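For reference, the chains in residue letters:
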Amino acid sequence: MRTFETGKRYGEHAVIFEIVKRTAKTITYAPIHHANRFNECRKEEKTVKIRDWGDREVFFTPSGETVEA
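Position numbers for residues start from 1 in each chain and track the written sequence from start to end. Restriction of local features to residues with pLDDT of at least 70 applies here, the model being predicted, together with a cutoff of 80 or more for giving and counting side-chain atom pairs; totals for whole chains, interfaces and linings are based on all residues. Side-chain measures here rest on the full set of heavy atoms in the structure, leaving out hydrogens and waters.

What follows concerns the overall build of the chain. A count of helices and strands for the chain gives zero helices and eight strands. For helices the rule is a DSSP run of H or I covering at least 4 residues; for strands it is a run of E covering at least 2, with both sets numbered from the N terminus onward. Reading the helices (α) and strands (β) of the chain from amino to carboxyl end gives β-β-β-β-β-β-β-β. Rg of the C-alpha trace for the chain: 12 Å, near the compact-globule value of 11 Å for 69 residues, within the 12% margin. Dimensions along the principal axes, computed over C-alpha positions, put the chain at roughly 35 × 20 × 20 Å. We call two residues in contact when some of their heavy atoms are within 4.5 Å. Considering only intrachain contacts with a sequence separation of at least 6, the fraction spanning at least 24 residues in the chain is 29%. Using a 1.4 Å probe, accessible areas were evaluated by the Shrake-Rupley method; residue-level cover was limited to the displayed protein chains. Summed over all atoms, the accessible surface of the chain reaches about 4,700 Å², with 47% contributed by carbon and sulfur. Residues scored as positive are Lys and Arg, those scored as negative are Asp and Glu, and His as well as the terminal groups of each chain are ignored. A charge is said to be at NZ when it belongs to Lys, at CZ for Arg, at CG for Asp and at CD for Glu. Treating the 13 positive side-chain charges of the chain as one cloud and the 11 negative ones as another, the clouds have centres 3 Å apart. In this setup the radius of gyration rests on C-alpha atoms only. A globule is expected at 2.2 Å times the number of residues raised to 0.38.

In structure tokens form, the structure reads like this:
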């Protein structure tokens, strides 16, 4: 099963999500705009519930994006 790990970055579009901390049921993430560029911008951290999709974990952002581990 693929799980979220603290300190790793997930995502494939303009916004990348870095996992700041994790509990059994929730994660805290920080959205990063323009990742790995000179104008990288880290936004406010948010806490969301982790969902189990069988072989992987996912979470949903308030803006409606689905992020898979």
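Attention now goes to the sheet that holds strand β8 (residues 66-68). Being paired, for any two strands, means DSSP has found at least two bridges between them. A sheet is described by the order of its strands in space; here three strands give the open sequence β6-β7-β8, paired in antiparallel fashion. The open sheet is flanked by β6 (51-52) and β8, the only strands paired with a single partner. One ladder, built from three bridges, connects strand β7 (residues 57-60) with β8; its direction is antiparallel. Among the inter-strand pairings, phenylalanine 59 is bridged to a residue of β8, identified as valine 67.

This brings us to the environment of glycine 11. On the secondary structure map, glycine 11 appears in the loop between β1 (9-10) and β2 (15-22). Residues glycine 11 and isoleucine 32 lie 21 residues apart in sequence; the distance between their C-alpha atoms is 9.9 Å.

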